[in-house]
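# A look at the structure
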Amino acid sequence: MSSTELPGQAHTVIIGAGAVGSSVAYHLSELGAEDILVLDQGPLPVTGGSSVHAPGIMFQTSPSKIQTKTAYYTSRLLSDAGVYDEVGGIEVARSEQRMDFLQRRVEWAKSYGLPNPTLLSPSEVSDRLPLVDSSEILGGYYSPTDGRVDGIAALEWYREHTNGRFFSHTQVIDLETDKQSITRVITDRGNIECERCVIATNNWGYQTAQLADIDLPIAPVEHQYVVTEPLTELSNERSTIGNNTTGLEIPGNRDIQEVMSEGPTLPVGRDQDNSLYFRTHGNSIGLGSYNHESLSVDPDEMGTNSADEQASVNPFTPKHWEQPTHPNREKSAQEAFETLLPAVEDQGYMATENGIFVFTPDGMPALGPLADVDGLWSALAIWWTHSGGYGNILAEWMESGVPQLDGQRIDSSAIHVERFAPHVGEKDYFVDKGAKRYQQVYSIVEPRWQSSSHRGLRRSPFHAHQDNLGAEFTHSGGWESARWYASNEDLLERYEDKIPAQDGWQAINRSRIEAAEHLHTREAVSLYDMSSFSSIMIEGTDAGSFLQRMCSNNISLDVGDVRYSLLLNQGGGILGDVTVVKIADTKYMVTTGGGSSPQIHGSWLKSHAPETVAVNIEEGAKSTIGLWGPDSRLLLQRCTDADVSNDEFPYFTAKQLYVGEVPVTALRVSYVGELGWELWAPVEYGARLWETLWDAGQDLDIRPMGDGALESMRLEKGYRLWGTDIDTDVNPFEAGLPFAVDMETDFIGQAALDNQGQRQPQNKITPLTIDNSTDIMLSGRPVSHNGSVKGYVQAGSYGYSVDASIAYTYLPATVAEAGTSVTIQCEGQEYDATVRDEPLYDAAREKITRWGSYA
């Protein structure tokens, strides 16, 4: 409902009354939350933001499970509300490469639960979309539940069905905090004390976060859309343009809202080969284009509505419509549309715009609690397509502490607002990254593709040595990480008969050297750069009891003990996996993976720590080497006076020792399933650590190994990778990690595991091996049993030590029995596969716990 008098206090204040803010308010109301205020600087419902200038097209299928799931939830919610036109969606292909891509669309849709995805012939496309010239295309992809949301009607529906109060023409000018918590929202109409505040301002997201001194990487970009004059070919369609917004307060040009409020009667369409999309508006057609150079908007310059223009709409620039300015497209938007839809040639336009919307550097939403300010939440970089779903997720997260969609746990690592590395908040960086994301919106992105911009930001002390060894670097979180090393090419002859050829889409950006590094590490000794991994130091008189509360395993440790554990959220979902090392009586080291682990896991621990416990996130403070392989003990003993025999340095223990002159915290753990150690040293000693081991290991044929070998070796052993195999959407028992849970201890998530009886899961993780093929399976591809999709590939690689292609998936417990036959659909082929027991390699753990020798 709408209100006029601004109150001085509320439990929850939501800034932004567009698609996302209104969805959050609605879903909080559905969960029983009370005392909700929703503020917007514009009129209601036509706020002047991207929610009301967008054409409302919803294509639901994505390579991302969470994006697909939130889109489908949104379409069902808005359909039930009566504000969604379910006309279906068709993506056309003008190239063989795009037809292959559309096959991937079918496979992702099957995996993530979209109904009836179908490939169409050219004539079947034109049967459904008569305006399309079938001679210009090779086929299409059809999703029957795609469609269009009526933006203004949806915002009105949210207001009518939300128990919160909505306030228009209210500009937020400051966010006040009391040290670590949100306390007050300052507006031009008065101040509001609150306990929770949600930033849902999208185009203004950067500005709003700055009010709390937070740098959020929200990059506004302009995007073109035109609506033609009525077409003869659509003369039988009814049009109400001119009467759609009667009685509404409209900032700026009313024409935009008039045409956007006119719904389609034909399927919505996309021509991604030319970065275009389209839909009908009654008897006219709307044409949208990413087919121009990126038009970034300074996030500090996003203004407000005026009598002449809406704040998030800039004047149309004909140059970007009529000329080919996109760096990867040969035709202009106008030319490409006129070949695909001949009826639009020489047509005039009744409405045009350069509408503004936003991207993050990785193209995903920024959702969740902001670690720096307790009670402050982000709901940004979200489009209409996913807005209902993400509103549901955030409301559940705020109310229960558990991100859920439609009552089911979801994987939050890819959308968590805290995932970004420290450098990402620099404005020039994220604006440029947002521009690159805009260019890629409709591009076919290769597996393991890497950007060439902003490289070399974070380099380990080993980087120069790695470069000299011919490292093929990739980057994640700004870190340069070696995928493989050209210096190991000579190993290919040694292992030629053990490395099957890979071709096609699965082989892109892979090297046979990855396999050689894998096999060599199993036979000798290798160095792996772990510097992107992070340590978190926990100190204080209550450090032990604090970690016991945070960790699912028993953390009653002696000094020098190492324990694998999980961090769970209140719903029992896996927030992360960690290794806990007891350094001293009141001092612990917690190690995490790379990527977003330091930000998400570190902030989680820090936010829960009592005053008697200090949490120091040492991101980049240590240089770390994985020393792995049968000869690792022999090599390490050469370099240290400490006794590293099995008796004195057993598996899953730690020691403070010197490697040469370098002080090291050595952990006897291994992520590859071979004897080995993680060697953690202060970053300034890193280069010497590498050199000491390298020089001492020459007669042992020491080699560097990269990420490619690590991936295939860890899958052979069944070691989990957070964000890939495990996330907040699964619990430890589903993830096959019961050994990392001690139900006799008191930890966050324990009650959920107990109450839900999840120790006998309905679904569980399992490895598959491909029966008659060496092809590598790609993630997100459907796994079927008896003709019904039961799961999808989480991760896949070739197991060079077990001589089989491996895929990991979650399957119903009744199917996940060793020996069960299943099929995987990947790149249009059906592969027979078999469920296996894990681990596939060294089930008795003889390799990793081996005694070895010094000889």
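Whatever comes next refers back to the structure up there.
Residue positions within a chain follow its written sequence, with the count starting from 1. Where local features are concerned, this predicted model is filtered to residues with pLDDT of at least 70; where side-chain atom pairs are given and counted, the filter is 80 or more; whole-chain, interface and lining totals use all residues. Excluding hydrogens and water, the side-chain values take into account all heavy atoms of the structure.

### Quick look at the overall build of the protein chain
Strands here mean DSSP runs of E at least two residues long; helices mean DSSP runs of H or I at least four residues long; both are numbered from the N terminus. Each helix and strand counted, the protein chain has 21 helices and 43 strands in total. Expected size for 855 residues packed as a compact globule is a radius of gyration near 29 Å; at 28 Å, the protein chain falls within 12% of this value. Each of the three principal axes of the protein chain carries a C-alpha extent, and together these read 90 × 65 × 50 Å. Here the protein chain, with 855 residues, has 63% of them falling under the buried criterion. Only C-alpha atoms enter the radius of gyration, while the globule expectation follows 2.2 Å times N to the 0.38, with N the number of residues. Relative accessibility under 20% of the residue-type maximum defines a buried residue, over 50% an exposed one, and the middle range a partly exposed one, all with a 1.4 Å probe and only protein chains included.

### Quick word on the layout of surface pockets
Considered as a void within the structure, the second largest pocket measures approximately 1300 Å³ in volume. The method works on a 1 Å grid over the protein atoms by themselves. A cavity is a set of points holding a 1.4 Å probe that cannot get out, a pocket is an open set with protein on both sides within 12 Å along at least five of seven lines, and residues with an atom within 4 Å of a point line them. Looking at the second largest pocket, it is lined by 44 residues, and the ones nearest its centre are Leu-370, Ala-371, Asp-372, Glu-418 and Ser-603. Listed by contribution, the elements that provide at least two residues to the lining of the second largest pocket are helix H11 (384–400) and helix H17 (597–608). Here the element with the most residues in the lining of the second largest pocket is H17; it accounts for eight residues. Residue composition of the lining of the second largest pocket, by class: 22 nonpolar, 14 polar and eight charged. Grid points are joined across faces, edges and corners, and a volume is the space filled by probe spheres set on the points. Amino acid classes used here: Ala, Val, Leu, Ile, Met, Phe, Trp, Tyr, Cys and Pro are nonpolar; Asp, Glu, Lys and Arg are charged; the rest, including Gly, are polar.

### Observations regarding the nonpolar core
Only buried Ala, Val, Leu, Ile, Met, Phe, Trp, Tyr and Cys residues count toward a nonpolar core, and they belong to the same one when joined by side-chain atoms within 4.5 Å. In terms of nonpolar packing, the biggest core is built from 48 residues, with Ile-14, Val-24, Leu-78, Val-198, Leu-367 and Leu-394 touching the most fellow members. Mapped by element, the contributors of at least two residues to this core are helix H1 (19–30), strand E2 (36–39), helix H3 (65–81), helix H6 (151–160), strand E22 (376–380) and H11. For this core, the leading source of residues is H11, giving seven residues. Counting residues in each nonpolar core, the second largest holds 42 residues, with Val-730, Ala-740, Val-741 and Tyr-810 among its members.

### A look at empty space enclosed by the protein
For the structure on display, the rule yields four cavities of 30 Å³ or more. Approximately 50 Å³ is the volume found for the largest cavity. Contributing to the lining of the largest cavity are Ser-51, Val-52, Ala-54, Pro-55, Gly-56, Arg-148, Val-149, Gly-151, Ile-152, Met-260 and Ser-261. Only helix H2 (50–53), strand E8 (147–149) and H6 provide two or more residues apiece to the lining of the largest cavity.

### Digging into the packing of aromatic side chains
Each aromatic pair joins two rings of Phe, Tyr and Trp (for Trp, the six-membered one) with centres within 6.5 Å, and gets the label stacked for planes under 30 degrees apart, edge-to-face for over 60, and tilted for any other angle. Taken as a whole, this structure holds 29 aromatic pairs when the rule is applied. Cluster of aromatic residues (ring-pair linked, three or more members): Tyr-225, Tyr-277, Tyr-290, Phe-357, Phe-359, Trp-383, Tyr-438 and Tyr-442. By the criterion adopted, a ring carries a charge over it if an Arg CZ or a Lys NZ lies within 6 Å of its centre and within 35 degrees of its normal. A cation sits over an aromatic face here: Arg-128 above Tyr-142, 4.7 Å from the ring centre. A cation over a ring is seen here: Arg-522 above Tyr-841, with NZ or CZ 3.9 Å from the ring centre.

### A closer look at the sheet that holds strand E11 (residues 181–187)
Neighbouring strands of a sheet are bound in pairs by backbone hydrogen bonds; such pairs are parallel or else antiparallel. A strand pair is defined by DSSP finding two or more bridges across the two strands. Sheet architecture is open: three strands sit in the order E10-E11-E12, paired in antiparallel fashion. Edge positions in the open sheet fall to strand E10 (172–178) and strand E12 (190–193), since each of these has one partner strand only. Taken pair by pair, the neighbouring strands of this sheet meet at an average axis angle of 25 degrees, ignoring direction. Fitting a line to C-alpha atoms yields each axis, with helices limited to the stretch in contact; the angle taken between N-to-C directions then spans 0 to 180 degrees.

### Quick notes on the pattern of salt bridges
Should a side-chain nitrogen of Lys or Arg be within 4 Å of a carboxyl oxygen of Asp or Glu, the pair is scored as a salt bridge. This model, assessed by the stated rule, comprises 37 salt bridges. Salt-bridge contacts for Asp-273 lead to Arg-98; the nearest nitrogen and oxygen are separated by 3.1 Å. Of this pair, Asp-273 sits in the loop between strand E15 (268–271) and strand E16 (276–281) while Arg-98 sits in helix H4 (residues 96–112); the two residues are 175 residues apart in sequence, bridging distant segments of the chain. Assessed through its relative accessible area of 17%, Asp-273 is described here as buried. For Arg-98, a relative accessible area of 2% puts it in the buried group. Asp-725 is the salt-bridge partner of Arg-714, the closest N and O atoms lying 2.2 Å from each other. Remark: Asp-725 occurs in the loop between helix H20 (707–717) and helix H21 (750–755) and Arg-714 occurs in helix H20; sequence separation between them is eleven residues. Like Asp-725, Arg-714 is buried. Counted as one network, the salt bridges with shared partners bring together Arg-104, Glu-107, Arg-781 and Glu-827.

### Quick word on the side chain of Asp-707
As for its placement among the helices and strands, Asp-707 is situated in helix H20. Arg-483 provides the closest opposite charge to the buried, unpaired Asp-707, separated from it by 5.5 Å. Of note is the side chain of Asp-707, whose polar atom sits 2.5 Å from the side chain of Tyr-528. Note on contacts: a residue pair is in contact if any heavy atoms of the two residues lie within 4.5 Å. In contact with Asp-707, other than residues within four places in its own chain, are Thr-474, Ser-481, Ala-482, Arg-483 and Tyr-528. Neither His nor the chain ends contribute to the count of charged residues, in which Lys and Arg are positive and Asp and Glu negative. As used in this structure description, the phrase polar contact means that two N or O atoms lie within 3.5 Å; if the pair is within protein, one of them must be able to donate a hydrogen and the other to accept it, and residues adjacent in sequence are counted only when both atoms belong to side chains.

### What to know about the pairing of strand E41 (residues 804–812)
For E41, a buried count of nine out of nine residues is recorded, marking the element as mostly surrounded by other parts of the structure. Relative to E41, strand E38 (residues 763–770) runs antiparallel, the two being bridged by seven bridges. Pairing of Thr-766 across the sheet is with Thr-809, part of E41. Sheet topology note: the strand E40 (residues 788–799)/E41 ladder contains six bridges and is antiparallel.

### Brief notes about the sheet that holds E40
Ordered by their spatial adjacency, six strands build a closed barrel running E38-E41-E40-E39-E42-E43, and the pairing between neighbours is antiparallel. On average, each strand axis in the sheet is inclined to that of its neighbour by 40 degrees, with strand direction left out of account. Looking at chain direction, E38 and strand E43 (residues 829–835) are connected through three bridges and run antiparallel. Counted as the bridge partner of Leu-768 is Val-835 from E43. Sitting on the sheet, H20 is in contact with E40 and E41, with an inclination near 125 degrees to E40.

### Remarks on the pairing of strand E13 (residues 196–199)
Side chains of E13 alternate between two faces, with Arg-196 and Val-198 and Cys-197 and Ile-199 buried alike. Of the strand pairs in this sheet, E13 and E22 are connected by three bridges, and their pairing is parallel. Pairing of Ile-199 across the sheet is with Ser-378, part of E22.

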